[in-house]
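# Descriptive analysis of the structure
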Amino acid sequence: MILVLKKGITPEEKNHIKEVLTADGCIVREIAGTEETILGAVGKVTRDLRYYQLLPGVVKVVPISKPYKLVSREIHPEDTLVRVGNVVVGGDRIVVIAGPCAVESREQAMTIARKVRRYGAVMFRGGAFKPRTSPYSFQGMEEEGLKILAAVREETDLRIVTEMTSPSQADLMVKYVDVVQIGARNMQNFELLKVAGRMGMPVLLKRGLAATIKEWLMAAEYILSEGNNNVILCERGIRTFETFTRNTLDLTAVPVIKKLSHLPIIIDPSHATGLREKVSPMARAAIAAGADGLIVEVHHDPEKAFSDGPQSLYPEQFERLMRDIYVIAPVVGKQVDFSYLDKEPSAEKAGVAAHPGKSKAVVFLGEYGNYSHKACAQFFGESDAMSMVPKPSFRDVFEAVKNSAADFGVVPLENSLTGSIHENYDFLLEYDVKIVGEIVLRIVHSLIVRPGTKIDDIRRVLSHPQGFQQCHEFLKRQDNWEIISVRDTATGVKRIAESSDRSTAALAGKDAAALYGMEVLKEGIETNPRNFTRFVVIAGEKTDERPGKKSSLIYATGNVPGALFKTLKIFSDNGINLVKLESRPIPGKPWEYMFYVDLEADVDAPSFIPILDQLKKETEYLKVLGSY
Ligand code: PEP
Ligand code: MN
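Given the structure is predicted, the values throughout are model-derived calculations rather than measurements.

The next thing to look at is the pairing of strand 21 (residues 446-449). Residues Ser-446 and Ile-448 point to one face of strand 21 and Leu-447 and Val-449 to the other, with burial holding for every one of them. Pairing of strand 21 with strand 24 (residues 504-508) involves three bridges; the strand directions are antiparallel. The partner of Ile-448 across the bridge, within strand 24, is Ala-506. Bridge analysis of strand 21 against strand 25 (residues 519-523) gives four bridges, and the strand direction is antiparallel. Across the sheet, residue Val-449 finds its bridge partner in strand 25, namely Glu-519.

Have a look at this one:
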């Protein structure tokens, strides 16, 4: 701590202060300026700091160490990932928890759960014990409500979050749900926090209505001090002088918490704003601010909701919000964790059922730590049951999927700046595989070096040709650097890690630097930050029977006037949105083209059969790549 001393302090007073501090185990140093004199005291102080404040001659005491330890990033630099079944909160994926304020009936909970799952929620919320301001308001269905929540999990496979309002509910929580919520009103209910810490379940800790970030982190410290590190912090608005909204959403809490703590933080825009129309704007802002997820109230009939109807989104509004944050997430280097991708079951259908105990494999081009690897990890999540295997070429990726050596492959198809990766378009034509998913990644390049290297030491730089293209402005300024192309970005980083040469750098994502123990000298060196790559997930056969939102086709038309137009008219007549059209030369047929088409439609739906029939009539070749 630092003690600011009064002007004209007597030598006796000063000596007394120093003696007290030394007796308390502090090392004390004095800095005397012309205006002020301060004492710096370092040591493990157990006293209330106000004791020093009251010593004669002390004007002010400024603490310098933080009261929380276990939650602080200083002692735990890496982000904590909280695992709830297959869902991981924290890290690169955005997790959305949705559901009603309170469980009202089995039908109500099931109806809402089916909808929010369909639109992308991966966990379901719903209170069974409601902390209401008035004792006359609905108090929740209690154990009956928990049983309904367990039934929702059974049917939908959504993990369940619910509030515990008293230590006496602990056994019921363990029995029925996956994440126990400590509500804003109970944030400083220390007995409840201690019990939550001992239950061995992940805890969602809401910020108190009038709690400072320090008090909130101290509340989390209670849970961690009981041996439970699985804490998700949730900002839900605080009391301020503003009364237009129910509370004031403190979005600054996101970067503040990210700096102070390793725990994941999510945002509750529903309780923060109290008004449906304000929920989506603040939810979008939360994702842009770097939150790890959202907890949102959704009701199929909010006018009749027993509690918090006015702040509950209609399911269609929730669907729209999910689409919006899907677009925003890659900007901050994250990906929405969509439940409808149904990663585990689809992986299972892809052959695990036939080989029990065998882990599933996904193949990608290049080395661990490259963008394809990141796409695999973000799509499939981190699971011991999924191994990610690098391959030396795109052809090897397609071969492995074709001959069932792997369950899935992940390949890039296009970049927003440099365009299509034609090689993979050609392989999609050549190989009999299906597209079963897609993922868009924001590409942020870093200049990576051996630790301690200075920019002036660098003489050559390794990367994938696309990496060089995307960083051309930065490279232009380093005109004496030799540019050396390698198979993928992570290969460059691996090479510099394996040599002792300090004059070679690599351009790659910072994940590669962390993986190979190298240093990021400069982050974000791509010329244009709107740098996204779209990857597709391929499999030997369709892995998910549920309706797809998007489909891909390849076809060739006759070389006659209006042939392409006739095919496009079919989509137009049927109200189908075309999201991409690309042509590629047909091998061996100069100046004839194959068309690659992406549609917002489900080509596997029965309603698409007549459309496919019309298309077949207007094309000479037609291949359905799949709906996803
Ligand atoms: C809730 O999530 O339903 C709730 C009561 O939240 P809070 O504790 O943030 O008011
Ligand atoms: Mn509520």
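What follows is about the coordination of the manganese ion (ligand 2). With distances of 2.0 to 2.4 Å, the protein atoms coordinating the manganese ion (ligand 2) are Cys-101 (SG), His-271 (NE2), Glu-297 (OE) and Asp-308 (OD). Along the chain, the residues that donate to the manganese ion (ligand 2) are spaced as C-x169-H-x25-E-x10-D. One end of the pair, Cys-101, is in the loop between strand 7 (93-99) and helix 3 (106-119); the other, Glu-297, is in strand 14 (residues 293-297), with 196 residues separating them in the sequence. Neither Cys-101 nor Glu-297 differs from the other in exposure class; each is buried.

Inspection of the secondary structure assignment puts Gln-335 in strand 15 (residues 335-336). With a relative accessible area of 2%, Gln-335 lands in the buried category. Gln-335 has contacts with Asp-92, Arg-93, Ile-94, Tyr-326, Ala-329, Gln-378, Ile-439, Val-440 and Leu-441, leaving out every residue within four places of it along the chain.

A few words now on unusual backbone geometry. Phi angles above zero are rare outside glycine, and Asp-157 is one such case at about 70°. Checked against the element boundaries, Asp-157 lands in the loop between helix 4 (143-156) and strand 9 (159-163). The phi angle at Trp-591 is positive, at roughly 65°, despite the residue not being glycine. For Trp-591, the location among the structural elements is in strand 29 (residues 589-599). Take Trp-591: its relative accessible area is 72%, and that puts it in the exposed class.

To continue, consider the nonpolar core. Membership of the largest hydrophobic core comes to 74 residues, with the highest contact counts inside it found for Phe-124, Met-164, Leu-205, Leu-233, Leu-294 and Phe-318. Discounting chain neighbours no more than four positions away, the residues touching Met-164 are Gln-169, Ala-170, Met-173, Val-180, Gln-181, Ile-182, Asn-186, Leu-192, Val-195, Ala-196 and Met-199.

This part is about the domain arrangement of the protein chain. In terms of domain boundaries, the protein chain breaks down into domain 1 (2-62), domain 2 (94-332), domain 3 (340-443 + 532-539), domain 4 (446-523) and domain 5 (551-627). Inter-centroid distance (C-alpha atoms) of domain 1 to domain 5 is 80 Å.

Looking now at the sheet that holds strand 30 (residues 621-627). In space, the four strands of this open sheet follow the order 28-29-27-30, with antiparallel pairing throughout. Each edge of the open sheet is held by one strand with a lone partner, namely strand 28 (578-586) and strand 30. Going across the sheet, the axis of each strand differs from the next one's by a mean of 15°, ignoring polarity. Sheet topology places strand 28 next to strand 29; eight bridges connect them, and they run antiparallel.

The rules behind these values
Residues numbered from 1 in each chain as written. Chains lettered and ligands numbered in written order. Predicted model: local features only at pLDDT ≥ 70, side-chain atom pairs only at ≥ 80, totals over all residues. Heavy atoms only, no water. Buried < 20%, exposed > 50% of the residue type's maximum accessible area, 1.4 Å probe, protein only. Helix = DSSP H or I, 4+ residues; strand = E, 2+ residues; numbered from the N terminus. Pairing = 2+ DSSP bridges. Donors = N, O, S within 2.8 Å, 3.2 Å for Na, K, Ca; no water. Contact = heavy atoms within 4.5 Å. Core = buried A, V, L, I, M, F, W, Y, C linked by side-chain atoms within 4.5 Å. Domains from an automatic or database assignment. Axes fitted to C-alpha atoms, helices over the stretch in contact; angles between N-to-C directions.

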